[in-house]
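What the coordinates show
Read off the chains here:
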Amino acid sequence: MKICAVILAAGSGRRMELDTNKVFIKFEEQSAVIRCLKTFGATELFSDIIVACKAQERDIVKRKIEKYIGGGETVMICDGGAERQYSVRNALEFVPGDADIVVVHDAARCFVTERIIRDCVSSAIRHGSGVAAVKATDTIKRAKKGVVTETLPREELVCVQTPQAFRADLLKQAYQKAEQDGFLGTDDASLVERLGKKVHVVTGSPDNIKLTTRKDVDHGRQIVRNQESSDLRIGNGFDMHQFAQGRKLVLGGVTIPSDIGLDGHSDADVLVHAIMDALLGAARLGDIGGLFPDTDPQYKDIYSIDLLRGIGDLLRKYGYKIINIDSTIIMQKPKVSAYREQMMDNIAAALDMTREYVNVKATTTEYLGAVGRGEGAAAQAVCILQKQRR
Ligand code: CTP
Ligand code: MG
């Protein structure tokens, strides 16, 4: 399945009344057009993305793409036209002949989410089309010369947004017919409707606004703040190792004086292992067993704090920020409370995060079970990650 996107940035943004095109307005240091490209890229659905822009803005767009976009998809730039429809028509020339689905999106709708894009694409795969829309909340009337001529039934009305996704052949055919008939529409669906084909509606979002006037910029800043503080992921991790003679006892990267230590392929730091699994779990990146197999000689006796540092790097690469970590060592003896501070320092330093957001506790099991009998030690951890948009 080959899926392509067309991102429209070739307008003038006249109603915005700014010196620059509105698609270059920045939200949290990221321009609208780049925000769109990043969100589309993050879905990993697209083989090709075509950006339509004005000829005189091609260099700016090209530089921004080179600076910020580095995913697996091919990003092409094409010239826009005098009307939105002509920009799409030009972009369709760049859609590869074997594309199955084309998704058209306004760069001015830069708060689009991965969820909306995916839902539009899924609908296009199943039904041939998927157009984002929200239910009308205002009562809409037709009026001529200041006099109402008709009240439209609100329950039947939707406000249409982009993305608008279609089977590639359907969209190309719709654009050919519009061209032949000299029809000019304000969205892509209206051209497909003219073929007599059903256009399927997908739930968009009231936050998927199109930057049109100045007040949309303030509204957009609020939307970004909400989006950035809402994408939180929780993770939990658990680990247990048995005690063995002749081993060091390493917990939270601290070597604790003890006549026995925990057995394992690595340094058997159960606390750090539980934390790593919590972090990987929250990011849906698998688990430590998969990442650092205990059959691999390079991990023999490895200091687990070094592995934790690697996981911190991995999370950063995937755009996650660690909000906090809480953990518990479950061990009958020796007592570890004197080493907690050092453990928290080690963990925070490895993950390059502030100490105040890392916690380590310790408990016994009151002599119950394997841990209570002193056969081994366990640890559990929880964490919260925030997915960053940049
Ligand atoms: N667009 C385009 N080519 C055009 C006109 C518009 O690619 N000839 C794009 C815009 O860049 C925008 C989207 O289509 O991302 C929606 O159009 P609109 O909101 O009308 O943007 P502008 O035309 O730029 O704004 P205005 O109408 O206020 O001038
Ligand atoms: Mg316009």
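See above for the structure.
Values in this document were obtained by computation on a predicted structure and should not be read as measured data.

Ranked by size, the top nonpolar core spans 47 residues in total, and within it Leu251, Leu279, Leu308, Leu315, Met343, Ile347 and Leu385 carry the most contacts. Elements supplying a minimum of two residues to this core: strand 13 (249-251), strand 14 (254-256), helix 8 (270-282), helix 10 (304-317), strand 16 (320-330), helix 11 (340-351), strand 17 (358-363) and strand 18 (376-387). By residue number, the principal contributor to this core is helix 8, which donates 10 residues. The contact partners of leucine 251, leaving out residues within four places of it in the chain, are Ile256, Leu262, Asp269, Val270, Leu271, Ile329, Met331, Val336 and Met343.

All right, on to the sheet that holds strand 1 (residues 3-8) then. Sheet architecture is open: 7 strands sit in the order 5-4-1-6-10-7-11, paired in mixed fashion. Looking along the sheet, the strands with just one partner apiece sit at the ends: strand 5 (74-79) and strand 11 (201-203). Mean inter-strand twist for the sheet, computed between neighbouring axes without regard to direction, equals 25 degrees. Both strand 1 and strand 6 (residues 101-106) contribute to a ladder of 6 bridges, which runs parallel.

Here we take up the packing of helix 3 (residues 84-92) against helix 5 (residues 168-181). Contact pair helix 3 / helix 5: the axes reach a minimum separation of 11 Å and the direction vectors enclose 130 degrees. Taken together, helix 3 and helix 5 sit at an angle that is classed as oblique. Classified by chirality, the crossing of helix 5 by helix 3 is left-handed. Facing Arg84, Gln85, Val88, Arg89 and Leu92 of helix 3, the residues of helix 5 in contact are Leu171, Lys172, Tyr175, Ala178 and Glu179.

What counts and how
- Residues numbered from 1 in each chain as written.
- Chains lettered and ligands numbered in written order.
- Predicted model: local features only at pLDDT ≥ 70, side-chain atom pairs only at ≥ 80, totals over all residues.
- Heavy atoms only, no water.
- Core = buried A, V, L, I, M, F, W, Y, C linked by side-chain atoms within 4.5 Å.
- Buried < 20%, exposed > 50% of the residue type's maximum accessible area, 1.4 Å probe, protein only.
- Helix = DSSP H or I, 4+ residues; strand = E, 2+ residues; numbered from the N terminus.
- Contact = heavy atoms within 4.5 Å.
- Pairing = 2+ DSSP bridges.
- Axes fitted to C-alpha atoms, helices over the stretch in contact; angles between N-to-C directions.
- Parallel < 35°, antiparallel > 145°, perpendicular 65-115°, else oblique.
- Left-handed = near helix turned anticlockwise from the far one by under 90°.

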